[in-house]
Number of protein chains: 2
Amino acid sequence: MGNNLLIVHGGGPTAVINCSLAGVIKGAQENPKVGKILAAKNGMGGVLREEFIDLTDTSEEEIQLIIDTPGSVIGTSRDPLSNEDYERAKEILIKNEISYCLLNGGNGTMDTTARLSEFVANTGIRVVGIPKTMDNDLGKTDHSPGFPSAAKYMAKTTKEIVADVKGLPIHVVIVESMGRNSGWVTAASALAGEQEGFGPDLILLPEVPFVEEEFLDKISSLQKRKSGIVVVASEGLKLESGELITKPIFKSDRAVYYGDVGSHLASLVISKLGIKARNEKPGLLSRASIDIRSEIDMKEAYNVGMKAVEGITNGYTSSMVSIQRVSDKPYQVEYKMVPLTKGMIEEKLLKRDYISKDGYGITKEYIDYLKPLVGNLDNKMISFND
Amino acid sequence: MGNNLLIVHGGGPTAVINCSLAGVIKGAQENPKVGKILAAKNGMGGVLREEFIDLTDTSEEEIQLIIDTPGSVIGTSRDPLSNEDYERAKEILIKNEISYCLLNGGNGTMDTTARLSEFVANTGIRVVGIPKTMDNDLGKTDHSPGFPSAAKYMAKTTKEIVADVKGLPIHVVIVESMGRNSGWVTAASALAGEQEGFGPDLILLPEVPFVEEEFLDKISSLQKRKSGIVVVASEGLKLESGELITKPIFKSDRAVYYGDVGSHLASLVISKLGIKARNEKPGLLSRASIDIRSEIDMKEAYNVGMKAVEGITNGYTSSMVSIQRVSDKPYQVEYKMVPLTKGMIEEKLLKRDYISKDGYGITKEYIDYLKPLVGNLDNKMISFND
């Protein structure tokens, strides 16, 4: 049985996925049980194609570059796997003398972790998951690395847009936020309001069914009180029926493409209310803007990578490193290994307690949860023309 | 005749318009010729409504907050002015004992500066312009404060998106850039390519007529060589005919609203080539992201504010503070007062020498012009899966 370690990335990158990779490399370099440190090029597909990157001798300087690069420096993918794929992955792991297999990802990847663990049972190969999702929709952990940075990005960005709109108050501005099914990131925009007068006016969450008339009424009545209105809306806004609020713009054999929610809402405001409106869609930047990362997030992402190496070399398999919050003030966490079984993890939506009664904002409870993860937004602002 | 000073903002804000305001306040506070320091609330409209903010006793701490706030902290506007408005403005200036009137803005505002100067001739009131435009389309100056920061934002953002797309290479990503008529900011995305492999694949400038078939051919042939493609496109892309490439989505009595260029191009790629594509539209963030500002820009913006006070109190009127580049290496500028006459300033488009032969990129000459303004992009990145 070999002692090589393999790290595989799954799903969309985050601003700190490479910090976890750095933690894995560093943890493995310092661990005498580990032989070569290999990375799959572009996710599970890379395993099946036997495309490995040898990171055993990564230098300190390279580790720093890894930490400072957004995206996934080894590549990631969203390939679905068949039973044949799992069998083939098992053969390839054995052939390459890999007994430590770490999968970094979200819900889908944790399911893959559990399934692959089953396929390699009795081979001595172990499989451990490293949590990662900017959406924060992964269960069995207080939060996932990637989310705090995306939340900070959304909060800072919203505050900056609010300041801009205060200065040229002729717009309704819709800011489209990532997070198709869960509203964790969208809701984080509320943190901009920590400094009074700089928060968004409305937050449209995917957990709350969108009612066009009610939305337009809200805009109309806001417009009577103030001239610059900022709305943060999830890219995945749905109607009561569960359908997306946007129409498909193109259907192919494999997929359906929908129009942008932000642009749709801006058009609604223009056409139904005759008010000037525009939309911003930072999109990928909310997971790629490395200057705006949360320091806690960078540290925790690194730590879950280290802990995964520690756990897997100590015998854990079919498990995930979980971040468990011990206290809010001071903020403290513990890292625990939690067992995984296939299909066990459900998409974690924003808790009802975190959504305000009217559905267009969030509660203090959510701020209490979020604030330690994001840290300070740093810049206090000023306005003379409120 | 009074000795009060008035500062008025015109047009869209930039990331450093408040730095110029700080320079004006500081310069005026230190100048014995100046009495009260007043600001018009929300632009020329504020003058006509006699809405002034008294900034005479602004504290050092407030000046720092002003510098750190995006948007315009005193408010700005895009109000067009009639002859009656100019007459009324003159009365109000006299009434409020204002003899120093500073207008901060772009082409439109410099025209207003010249016109207002004519209306107040023989009253002892002087009017001086402070250059500002993220679009960099203002003539009579090497560049305008606001542009270097927008350029840096676009370059950094593009580099981050390229890194993201390298890691999950299943997309064509269209990044829509601000700058409706001039391509200075869009072209600045090329600076991401200073680190090889991190530049955009195509740049679509408003100065270069868009040819759909050619664009799709370019994408197809890029797709044969690489799997993640990043295109930066101006929000104002036009056809050979001069028409925008997007269709109007709504017409009112007063205005026509067009769809987003980025979203239009992504739909084109999806529907005509059957390739997955998405679009990002950082929009207002390119002028509001204060963490990503160019240091040179902040300093120069402050300086043109100071110089405007110096110039106007020394007798200049119907003039603008111009930034004149003395040398590239080391980068050095001089601030000069240049005379304004109404209608004299033409929108400055990206020079033909700065656009590459095929029209889809830029030349080394543009990088040489741009680089000293933007400074270093700081973060070097790494990739293991090219």
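### Section: the interface of chain A and chain B
For step 1, the next point in the chain: In this assembly, 69 residues from chain A lie in contact with 69 residues from chain B.
For step 2, the next point in the chain: Across the interface of chain A and chain B, roughly 5,500 Å² is buried in total on both sides, 61% from carbon and sulfur atoms.
For step 3, the next point in the chain: Where chain A packs against chain B, one counts four salt bridges.
For step 4, the next point in the chain: Note that Asp164 of chain B and Arg287 of chain A form a salt bridge whose closest N and O atoms lie 2.8 Å from each other.
For step 5, the next point in the chain: Here chain A is connected to chain B by 23 residue pairs in polar contact (both at pLDDT 80 or more).

### Section: the relation of the copies chain A and chain B
For step 1, the next point in the chain: It takes a turn of 180 degrees to lay chain A on chain B, together with a shift of 0.0 Å along the axis; the resulting RMSD is 0.0 Å. What the superposition gives is, in effect, a two-fold axis relating one chain to the other.
For step 2, the next point in the chain: When the interface residues of chain A are mapped onto chain B, 100% of them again fall at the interface, so both copies present the same face.

### Describing the pattern of salt bridges
Pairing of side chains with opposite charge becomes possible as their charged atoms draw close.
For step 1, the next point in the chain: Here the structure, examined in full by the defined rule, presents 40 salt bridges over all chains.
For step 2, the next point in the chain: The salt bridge partner of Lys26 of chain A is Glu60 of chain A, with a shortest N-O separation of 2.2 Å. Of this pair, Lys26 of chain A sits in helix H1 (residues 17-29) while Glu60 of chain A sits in helix H3 (residues 60-67), and the two are 34 residues apart along the sequence.
For step 3, the next point in the chain: The salt bridge involving Arg278 of chain B is made with Glu280 of chain B; its shortest N-O contact spans 2.6 Å.
For step 4, the next point in the chain: You can call Arg278 of chain B buried: its relative accessible area is 16%.
For step 5, the next point in the chain: Among the charged side chains, a network of salt bridges with common partners joins Asp142, Arg325 and Asp328 of chain A.

### Some thoughts on the packing of H1 of chain A against helix H11 (residues 295-313) of chain A
All names here are of chain A.
For step 1, the next point in the chain: Axis separation between H1 and H11 bottoms out at 7 Å; the angle between their running directions is 40 degrees. When the axes of H1 and H11 are compared, the pair comes out oblique. Here H1 and H11 pass one another in a crossing that is right-handed. Facing Cys19, Ser20, Ala22, Gly23, Val24, Lys26, Gly27 and Ala28 of H1, the residues of H11 in contact are Met298, Ala301, Tyr302, Val304, Gly305, Met306 and Val309.
For step 2, the next point in the chain: Class assignment for the residues of the contact of H1 with H11 results in ten nonpolar, four polar and one charged.

### Here's the deal with the pairing of strand E1 (residues 4-9) of chain A
All names here are of chain A.
For step 1, the next point in the chain: The buried count for E1 comes to six of six residues, which makes it a mostly enclosed element.
For step 2, the next point in the chain: On E1, burial covers both faces: Asn4, Leu6 and Val8 on one face and Leu5, Ile7 and His9 on the other are all buried.
For step 3, the next point in the chain: Where E1 meets strand E4 (residues 98-105), six bridges bridge the pair, whose relative direction is parallel. Note on E4: the bridge partner recorded for Asn4 is Ile98.
For step 4, the next point in the chain: Relative to strand E2 (residues 37-40), E1 runs parallel, the two being bridged by three bridges. When the sheet's bridge partners are listed, Leu5 is paired in E2 with Ile37.
For step 5, the next point in the chain: Regarding the hand of the β-α-β motif, the stretch spanning E1, H1 and E2 is right-handed.

### Considering unusual backbone geometry
Residue and element names in this part refer to chain A.
For step 1, the next point in the chain: Residue Lys329 is joined to Pro330 through a cis peptide bond whose omega torsion reads 0 degrees.
For step 2, the next point in the chain: The phi torsion at Asn42 lies on the positive side, around 60 degrees, for a residue other than glycine.
For step 3, the next point in the chain: Structurally, Asn42 can be placed in the loop between E2 and helix H2 (44-48).
For step 4, the next point in the chain: A relative accessible area of 14% means that Asn42 is categorised as buried.
For step 5, the next point in the chain: Here the phi dihedral of Glu97 falls at roughly 55 degrees; this positive angle occurs in a residue that is not glycine.

### A word on the pairing of strand E12 (residues 319-327) of chain B
Along any regular strand the residues' side chains alternate between the sheet's two faces.
All names here are of chain B.
For step 1, the next point in the chain: With two bridges connecting them, strand E5 (residues 126-131) and E12 associate as parallel partners. In the strand pairing of E12, Gly129 is matched with Met320.
For step 2, the next point in the chain: For E12 and strand E13 (residues 332-339), the ladder comprises eight bridges, and the chain directions are antiparallel. Looking at E13, one finds that Met320 is bridged to Val338.
For step 3, the next point in the chain: Taking the residues between adjacent antiparallel strands as the criterion, E12 and E13 are bridged by four residues.

### What about the packing of aromatic side chains?
Residues and elements named next belong to chain A.
For step 1, the next point in the chain: Enumeration over the complete set of coordinates arrives at 18 aromatic pairs over all chains.
For step 2, the next point in the chain: An aromatic cluster is present here, built from Phe147, Trp184, Tyr354, Tyr366 and Tyr369 joined pairwise through their rings.
For step 3, the next point in the chain: For the cation-ring pair, Lys159 lies above Phe198, with the distance from its terminal atom to the ring centre recorded as 5.9 Å.

### Examining the sheet that holds strand E11 (residues 277-280) of chain A
Within a sheet, each strand pairs with its neighbour through backbone hydrogen bonds, oriented either parallel or antiparallel.
All names here are of chain A.
For step 1, the next point in the chain: Reading across the sheet, the four strands line up as E7-E8-E6-E11 and stay open at both edges, with parallel pairing between neighbours. At either end of the open sheet lies a strand with only one pairing partner, and these are strand E7 (202-204) and E11. Taken pair by pair, the neighbouring strands of this sheet meet at an average axis angle of 20 degrees, ignoring direction.
For step 2, the next point in the chain: Sheet topology note: the strand E6 (residues 172-177)/E11 ladder contains four bridges and is parallel. Residue Val175 lies in a different strand from E11, and its bridge partner there is Glu280.

### Concerning the nonpolar core
For step 1, the next point in the chain: The biggest cluster of nonpolar side chains holds 82 residues, and the ones touching the most others in it are Phe147 and Tyr366 of chain A together with Phe147 and Tyr366 of chain B.
For step 2, the next point in the chain: Those residues in contact with Phe147 of chain B, other than ones at most four positions away along the chain, are Thr133, Met134, Asn136, Trp184, Val185, Asp297, Tyr366, Tyr369, Leu370 and Leu373 of chain B.

Criteria and cut-off values
Numbering of residues starts from 1 in every chain and runs along the sequence as written. Key to labels: chains lettered from A, ligands numbered from 1, both in the order written. Local features in this predicted model are restricted to residues whose pLDDT is 70 or higher, and side-chain atom pairs enter the listing and the counts only when it is 80 or higher, whereas totals over whole chains, interfaces and linings include all residues. The side-chain quantities take in all heavy atoms of the structure and omit both hydrogens and water. Here, two residues are considered to be in contact whenever any of their heavy atoms come within 4.5 Å of each other. Accessible area that two parts lose when put together, with a 1.4 Å probe and added across both, is what the buried area reports. Each reported salt bridge corresponds to a side-chain nitrogen of Lys or Arg within 4 Å of a carboxyl oxygen of Asp or Glu. A 3.5 Å cut-off defines polar contacts: any pair of N or O atoms within that distance qualifies, except that in protein one atom must be a possible hydrogen donor and the other a possible acceptor, and neighbouring residues in sequence count only when both atoms are side-chain atoms. Here the copies are matched by least squares. The fit uses the C-alpha atoms of residues with pLDDT of at least 70 in both. A run of H or I in DSSP counts as a helix once it spans at least four residues, and a run of E counts as a strand once it spans at least two, with each numbered from the N terminus. Accessible area is worked out with a 1.4 Å probe on protein chains only. A residue is then buried under 20% of its type maximum, exposed over 50%, and partly exposed in between. Note on definitions: angles span 0 to 180 degrees between N-to-C directions of axes, and those axes are lines fitted to C-alpha atoms, for helices only across the stretch in contact. Small angles under 35 degrees read as roughly parallel and large ones over 145 as roughly antiparallel, with 65 to 115 read as roughly perpendicular and the rest as oblique. Left-handed describes a crossing whose near helix is turned anticlockwise from the far helix by less than a right angle; the clockwise case is right-handed. Throughout this entry, Asp, Glu, Lys and Arg are counted as charged residues, while Ala, Val, Leu, Ile, Met, Phe, Trp, Tyr, Cys and Pro are counted as nonpolar. The remaining residues, Gly among them, count as polar. Each pair of strands is called paired provided DSSP finds at least two bridges between the two strands. Crossover handedness is defined by viewing with both strands directed away from the observer: a clockwise path from the first strand over the helix to the second marks the crossover as right-handed. Planes of paired rings set the category: under 30 degrees apart is stacked, over 60 is edge-to-face and the rest tilted, where pairs are Phe, Tyr or Trp rings (Trp by its six-membered ring) whose centres lie within 6.5 Å. Whether a charge lies above a ring is judged from NZ of Lys or CZ of Arg, which has to be within 6 Å of the ring centre and within 35 degrees of the ring normal. Among buried residues, the Ala, Val, Leu, Ile, Met, Phe, Trp, Tyr and Cys ones that are joined through side-chain atoms within 4.5 Å form a nonpolar core.

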